[in-house]
Amino acid sequence: TAQSEGPLQRVYMCQASAEALATSSSSTPTACLLLGTIQRERKDLRSGRKPKTSLSSTTNEEEYCTAARVHAIWQPRGATTTSSDLSSSYNVNALLEYHTSKHVRRVAETLGLQPIGWIFQYPHDPNRHDNDGLPVQGPDVRAAAQLQIMAMQLVGRTEGARFVTLAMDGTTGATEAFSLSDVAVQMTAEGILEDKDPSSPPQEGRFLKTNVPVVVDGKETHTVDSVLCLVNMALLSHKSGAYADGVASNVVKKKSGGLTKKTKKRLSSALLANDDAALLETLCSFSLLVALTERLSTDEAEVLLETVRKFSRGQKKGTKLDMALKRKLGEVLEV
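Below is a short write-up of the structure. For every chain, the first residue of the written sequence is number 1, and numbering continues from 1 onward in sequence order. Residue-level local features of this predicted model are given only where pLDDT is at least 70; pairs of side-chain atoms are given and counted only at 80 or more, and the full residue set underlies all totals for whole chains, interfaces and linings. Water and hydrogen atoms were dropped before computing side-chain values, which therefore reflect all heavy atoms in the structure.

1. Some thoughts on the overall build of the chain
Link 1 in the chain: Put simply, DSSP marks the helices as runs of H or I at least four residues long and the strands as runs of E at least two long, and each gets a number from the N terminus on. A tally of helices and strands in the chain yields eleven helices and ten strands.
Link 2 in the chain: Each residue gets one of three labels from its accessible area relative to the maximum for its type: buried under 20%, exposed over 50%, partly exposed in between, using a 1.4 Å probe on protein chains only. By residue count, 47% of the 335 residues in the chain fall in the buried class.
Link 3 in the chain: The criterion used for residue contact is that any of the two residues' heavy atoms lie within 4.5 Å. Residue pairs at least 24 apart in sequence account for 73% of intrachain contacts in the chain once pairs closer than 6 positions are excluded.
Link 4 in the chain: Here the Shrake-Rupley method, with its probe set to 1.4 Å, supplies the accessible areas, and only the displayed protein chains count as covering residues. Of the roughly 17,200 Å² that the chain leaves accessible, carbon and sulfur atoms contribute 49%.

2. Description of the sheet that holds strand β1 (residues 10-14)
Link 1 in the chain: Within the open sheet, the eight strands sit side by side as β9-β6-β5-β4-β2-β3-β1-β10. Their pairing is mixed. Both outer strands of the open sheet, β9 (230-232) and β10 (234-238), are each paired with one neighbouring strand and no more. Between one strand axis and the next, the sheet turns through 35° on average, direction left out of account.
Link 2 in the chain: Here, a strand pair is defined by DSSP locating no fewer than two bridges between the strands. Here strand β5 (residues 164-169) runs beside strand β6 (residues 175-180); their pairing, made up of four bridges, is antiparallel. Between N-to-C directions, angles cover 0 to 180 degrees, with each direction set by a line fitted to C-alpha atoms, over the stretch in contact for helices.

3. Here's the deal with helix α7 (residues 261-272)
Link 1 in the chain: By definition here, a helix of n residues has an expected span of 1.5 Å times n minus one. For α7, which comprises twelve residues, the first-to-last C-alpha distance of 16 Å matches the rise-based estimate of 16 Å (1.5 Å per residue) to within 8%.
Link 2 in the chain: Those residues of α7 that are buried are in contact with α8 (276-283), α9 (286-293) and α11 (323-334).
Link 3 in the chain: Positive phi appears at N274, one or two residues downstream of α7, with a value of about 55°.

4. Regarding the environment of L8
Link 1 in the chain: When you line up the elements, L8 lands in the segment before β1.
Link 2 in the chain: A relative accessible area of 3% means that L8 is categorised as buried.
Link 3 in the chain: Beyond its immediate sequence surroundings of up to four residues, L8 is in contact with I38, T66, A67, A68, R162, F163, V164, S179 and M233.

5. Description of the packing of aromatic side chains
The description of an aromatic ring pair rests on the distance of the ring centres and on the angle between the ring planes.
Link 1 in the chain: In this scheme Phe, Tyr and Trp rings, the latter by its six-membered ring, pair at centre separations within 6.5 Å, and the angle between planes marks the pair as stacked below 30 degrees, edge-to-face above 60, and tilted otherwise. Applying the stated rule across the entire model yields five aromatic pairs.
Link 2 in the chain: Consider the rings of Y90 and F120, whose centres lie 5.5 Å apart with planes at 50°: the pair is tilted. Of this pair, Y90 sits in the loop between β3 (64-74) and α2 (92-96) while F120 is found in strand β4 (residues 114-122), placing the two residues 30 residues apart along the sequence. For the pair Y90 and F120, one class covers both residues: buried.
Link 3 in the chain: Between the NZ or CZ atom of R40 and the centre of the ring of Y64, over which it lies, the distance is 4.7 Å.
Link 4 in the chain: When the NZ atom of lysine or the CZ atom of arginine is within 6 Å of a ring's centre and also within 35 degrees of its normal, the charge is said to sit over that ring. Seen from the ring of Y12, R69 lies directly overhead, with NZ or CZ sitting 4.1 Å from the centre.

Structure (structure tokens):
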């Protein structure tokens, strides 16, 4: 039986990151982990509603919903493949490396971010939508469940279950949002879904094979329609996440991990002009902060991240980096 509602009701995708992904090479679809925050908010977002006062603020749970807001994306090396196999156009194992990437996790946690979902691109394929089909197919359901299980291990069962799957048409950029059903995650965790042998032909279409019989519509079967594993969710956008930088290759070189010339130029110009606002604005980039803090001491990295977080949360006046850290950044840029 299909699940009618998930733990999340809406997700706000960072527009800057979505556009960067949509305009990247559609011939090599990719996948990214979504980092952000979870919050409760009113269901009615219309402006002009009567504000609550301390005397009239009786909380009605029906007026609120749970929403996720994307502030950055993380794309590890190896997350992209040029395979012509439509079912393996991304490498989910690369995204699962977030669990063991202690440095990346430390940066995210210091900035107040957690894994709240993932986004994958798929080659434009009309067959995905045939017969009322959805863009999320069998292999995508398995990948989403593996990533959600990882999130639950990192931040707890309740918080980690608030995990979203965004499917983007690699040609048009059209994107849809879903939650996984509890049963889909449970079947993956218990090994009920059949593991795909990488050397075997790709599992086609929207159906998932199971290792043991399962009951669907009162009948035993070894096949589960991916539609039954998904819960619809509202997809909205916000202009730019607090630490958005689109795809990592805009900031960090793919092979060496060093900063791109464009990034170095922006940072150098802000440092030379002694323009703290411009410097901190540039530093509000997750990929950049990951790369820079790898080259700093633990104490220096913590000061940098805390200062950037303070700036990104709106405390722009009076927020500055101390001179010692500026000199250190200058040294990093010279390397």
